[in-house]
Each structure stands twice: as structure tokens, then as C-alpha cells.
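Commentary on secondary and tertiary structure
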Amino acid sequence: MPETGNTGTTVGEAALPASRKSEAVPGLALGLMLLSAGPVVILVLLVAVLSFLSPYFLTGRNLSNILAQTAVISVVAMGQHLVILTRGIDLSVGSNLALASVVGALSFHAGAPAIVVIAVMVGCGAAVGAINGLFYVFGRLPHPFIITLATLSIAKGLALQLADGRAIPGMPDSIDALGRDAVWGLPGSIFVVAGVAAVLFVMAKTMVWGRWIYAVGGRPDAALRMGIPVSWVLVSVYVISGLCAGIGSVILAGRTDAGSPLFGNLLELDTIAAVIIGGASFLGGRGHLGHALIGAIMIGVIRNALNLLNVNVFFQLIVIGVVIVIAVESDVLRNYLEGRVRVMQAGRQS
Amino acid sequence: MSAAAANVDHAVTADNPVLAVRGATKRFGSVLALDDVSIEVRRGEIVGLLGDNGAGKSTLTKCISGVHQLDAGAIFLDGAPTQIRSPADARFAGIETVYQDLALFDNLTPGQNFFAGRELAGPQWLPRGLRFLQQRRMDAETRALLVNLKVTLPRLDAVVAMMSGGQRQAIAVARSTVFARKVVILDEPTAALGLRESRQVLNLVAALRDQGNAVILITHNMEHVVELADRAVVLRQGRRVGELVPTKDNKQELVSMIVGA
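Values in this document were obtained by computation on a predicted structure and should not be read as measured data.

All names here are of chain B. Under the counting rule described, the total for this entry stands at 22 salt bridges over all chains. Measuring nitrogen to oxygen at the nearest pair gives 2.9 Å for the salt bridge that ties Arg199 to Glu227. Of this pair, Arg199 sits in helix 7 (residues 195-210) while Glu227 sits in helix 8 (residues 222-228); the two residues are 28 residues apart in sequence, bridging distant segments of the chain. Residue Asp210 pairs with Arg209 through a salt bridge whose shortest N-O separation is 3.2 Å.

So, in C-alpha cells, the structure goes:
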């Protein structure tokens, strides 16, 4: 850290074994930098290796395919990411998505125009999210795990009940368009992902609300003492997570031209995995939207590659699991290294 | 910063206590944590709040800063009875607290910590959470504040997690100076610090007083009490047992008041 205000760090250095101390901190800083760039580096390496292994991998057709397949995970993972930033978890996103798709399909068959169908699906997602948030905060639940587990079950059951256990084919044409190629051979869903990412990015980076999310995730008790409306910040992230599930539902319904109670199976785990693999901290307060997106794409790339290489589907699960362990361990390592940096700075000062 | 405006505010009522607590009583279950405690603090004054562990110092200050509510008794700000129901109430009323655990956000930068919960943002017609951060203004004010307080930090764009104990303590105290308008409460601000870092924090405490704040300083360090405090109030087992003007010569007297021997 050589740039500014060196007085703080240089005083007292002479008293310490200088050779060790002065080299150790840049070393640590480099390690920290590598760790925070880790997911991007790994993704680039992965792509490089895969383009060697499979000639088909790096074709435009396949890349566009990967993006289309990861669109749902990407959108929902961005919502999940906000929840995880506040030290929470949203297990209900998969069922929520299924319920939204069923409600959307039913409203379409009841004669609603496309715009209303979309509003119903997104609104349904947001409503389930609001229930999660309100019960978690005002029901004074110790952890969001429980309430989102409950809504996972309720939403799933409701979706099965409403759809009589079957997929409901037929969606408005403008929703189906999302599943087709739109411009430059890119699927329409990519533009939805980009739009959601842009809006959430602006909100999280430039609005007070975004700053509050990081504060609540960094230290909930301190956030309360600093006068941040913690309850409403928490409710808002669950609403947005549900909203993202609703948008994911629209994308998936477009790709399949149907609504189904079986949509979104294990999506909660995929999205949590994406956030963690992308490099956000499961402990809250750390990470940004890019992490969720990179994680989602990484999962998409791994699945796609293993398919291309004819590796069986059981093995894919193992690989994803191993990647999650690596990601979480590097988060732990990062925290440890930061602790070391702090200890050294304290050593230099006294 | 609002220092100029605040000084005018301070000048209006120089001699009346800006904060007065009367008959403060607080129970936690069967434990009587505070028993009819009264305390007054004036502008530009540092009052040392002393007592052994469990004497009620932290409970009293937490009642003033809105973390706990009094069971009986009243808090007066500038002579007016004031209900403080939450930490946000207290901050709004002009009471800043530097907590023993610092209440810093490790994942945020020093500047973001200074303005947490009171971000500079606009436009004003939007609800508070939906306003846009005025990051450059906050950065500039952060730099000015740190220069003003002679606090040096290795860098301003690094998160607080990366900083040393003394730097973190300085950040927490400096944060209270940003918005302090009436009262600043410091709970053991030098407890975990080395000599040099303690010195820096003590200078900050003096700066808070010089800005015209009423300062309540909780500490176990008699040297610091003698050096800084205009008066020392001693609590023991939830009761107020005495008050002294601390000098080099009556340190022993203070200690016996604290331990009750």
C-alpha cells in the first residue's frame, strides 16, 4: 500500500525485523488481489482449456447456447446475491419460479394479454419474496433458512395443485420470443439478463439502499445503532430475490412455451452455488453482482463442457460440488490473509 | 461540515447542562443495573464516568444512546425532557456514541463508515433509501475531517477490516465528530490500544470537547481521567456514589470510591 499517507505504516518499522515485515505485506497484498480476481481468472483458464479439448466449444453457436442456458440461473442468482449480501439465504426461488410460471400459464389460458401475463408472473414472484421477508423480519425468525424452506414447500405444493401436477403448454408469443434468437444470433433472454443486471447494478452501487445492504450484511447490530432501517432493507432484498425468480420464470416459460410446477428444481442450490463460486462471501457484506453473473456462467460453462466431452451427468454434480468447496475455501483464505495484514499493521504501529 | 452552525448552537446556552439524566433506574430481570442515578454534562466539558465492572456505566450510556430504555427516570436535552426510543432517535437528537465494540463496518471504507446511516444523497424529494449517493462530496468531507483531526490512515479506499486496532479506534471516534452536535459518549475508547495509539485517540476526545460537545468518557485509566476529565462521576453497583474534580493528588480517593473501600 505505497500510495498515500505513509506516516501511518512506516513509523516504528525500524524497531522490527525489517527484512521480513517489509516483504511480507506486499506478498499478502498480491495474494489478496489474486484471490479477489480468482473467479475471473479461473473462468478464463477454463475457457482456454476447453477450447483446446473441444473444437466446438468456442463457436458462436455454442457460446450463445451457454448464455441462453444460464440466463435463468443468472437472473435468479443476482437476487440471491443480494440476499446473501445481508447474511441471508433464499431457498424458495426454485418453487417460486415454478409457481409463477403456472400462474402465468393459467392467466394466459384465461385470456390475459401478454403484458398482463408477464406482470402476473413477476408480481407472483415478488409476492412470495415479500412473504419471505415480512415473516423473517416481523415474525422475528432467527434465520431466513426456515421461512424460505417453508415457502419452498408451500409454493411447490401450490404450483402442483394449481397445475394438477402437469406442465401447462402455451405462452403468449412475446414471451416465447425470449427463447428465440433476437439480435446478432443472441437469445432474447440475454437482453433481459443484461437489463436486470444494469438496473440492480445502478441500485446497489449508486443508491443509499445499496450502501445499506452492505452495511446490514457487514454488521447488522451496528447498522441498527447507526440508524439504518435494517428491517426494511432485509424485506427489500427478499422482495427483489422473489422478483428475480419471477423474471426467471418468464425467461424459462419463453424457452419452453409452457408453465410447469416442475420448473426450477434445485434452482436454489444452483443460484447459491453461483454466488459462492463467483467469489461473493457467504458470510455476508462482500461481493458484487459480477460475482453472481460470473458464477452462473461458470456453472453453465462447466455443464456445457462436460456435455461436449461426453462426461456423464452424475459427474457434473461432483465437479460443481468440488468447485463450491474451492470457492468457499478461498473465501476463508481471504479472510485469514486480511487478518494477517491487520496484525502486521498493528505491529508496525506500536 | 456543520461545525460553524453547531458552534452558534452551542453558544446560546453555555451554562445549562446540555444533557441531564435524573433518577435513572433500569432493571434486567431481578438485577437492578441502575438505581436512581443522576448525571449532568455541560457543553465543552468532559465528564469521566468511572466504576468497576458491572457498576452500571455501560447500562447508563446505553440508555442515553437509545440501545436500552429507562424503567424510571428521565433524560433532558437542553432542559427539555426527551424520549429516546432507539439509537436513531439519539443520533437525531445530537447524541453520538463510540461503542466499546466500535460498531464499525469491516466491509466498508473509512469514509463509508463515517456516513453509514447518514449518507449524503439526493435528490431530497425521493425516499431516503432511493436517493443517489453523493460519493465525491462524502470523499472530500472524509479527507477534510481526517486532516482536521490529524488522523493518518494507510489508504482511504481500503476496507476497515484491513486496518490496525488503533486506526479502527480512530475511525470510530472520528465518525462521532462528523455528526456530534450535543453529546458524545465514549465507552473505553483506549481499552485495547498501545501508548501511541491511545495518545491519538485522547487527542480526538479533546477535539470533540473543543468543538463544544458535552463528552462522557468511560475509562478504567486513571491517568486519562486526570488528564482530560473536568469532573469524575463514580458508579458502584448501579448507584452513584460520588463525584470529584480529578487531580494528580486525589487519584487514590477515586480508586477507593470505585472499589468501595
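A separate point is the environment of A:Leu337. Residues and elements named next belong to chain A. Among the structural elements, Leu337 can be located in helix 14 (residues 313-349). Taking C-alpha positions, Leu337 is 34 Å from Ala194, a pair spaced 143 residues apart along the chain. Apart from residues no more than four positions distant in its own chain, Leu337 is found in contact with Leu28, Gly31, Leu32 and Leu35.

Moving on, we get to helix 8 (residues 188-206) of chain A. With 19 residues, helix 8 of chain A should reach 27 Å at 1.5 Å per residue; the first-to-last C-alpha distance of 27 Å fits that figure. Check the buried side of helix 8 of chain A and you find it contacts helix 3 (60-85), strand 2 (181-183), strand 3 (186-187), helix 9 (208-218), helix 11 (230-256) and helix 13 (289-308) of chain A.

Residue and element names in this part refer to chain B. Read from one edge of the open sheet, six strands run 6-9-10-3-11-12, paired in mixed fashion. Since the sheet does not close on itself, it has two edges, and those belong to strand 6 (95-98) and strand 12 (239-244), each with one partner. Going from strand to strand, the sheet's axes swing by 20° on average, the running direction of each strand aside. Both strand 6 and strand 9 (residues 183-187) contribute to a ladder of four bridges, which runs parallel. The partner of Thr97 across the bridge, within strand 9, is Ile185. Here helix 9 (residues 251-259) sits on the sheet in contact with strand 3 (46-50), strand 11 (231-236) and strand 12, set at roughly 25° to strand 11.

Conventions and cut-offs
- Residues numbered from 1 in each chain as written.
- Chains lettered and ligands numbered in written order.
- Predicted model: local features only at pLDDT ≥ 70, side-chain atom pairs only at ≥ 80, totals over all residues.
- Heavy atoms only, no water.
- Salt bridge = Lys/Arg side-chain N within 4 Å of Asp/Glu carboxyl O.
- Helix = DSSP H or I, 4+ residues; strand = E, 2+ residues; numbered from the N terminus.
- Contact = heavy atoms within 4.5 Å.
- Expected span 1.5 Å × (residues − 1).
- Pairing = 2+ DSSP bridges.
- Axes fitted to C-alpha atoms, helices over the stretch in contact; angles between N-to-C directions.

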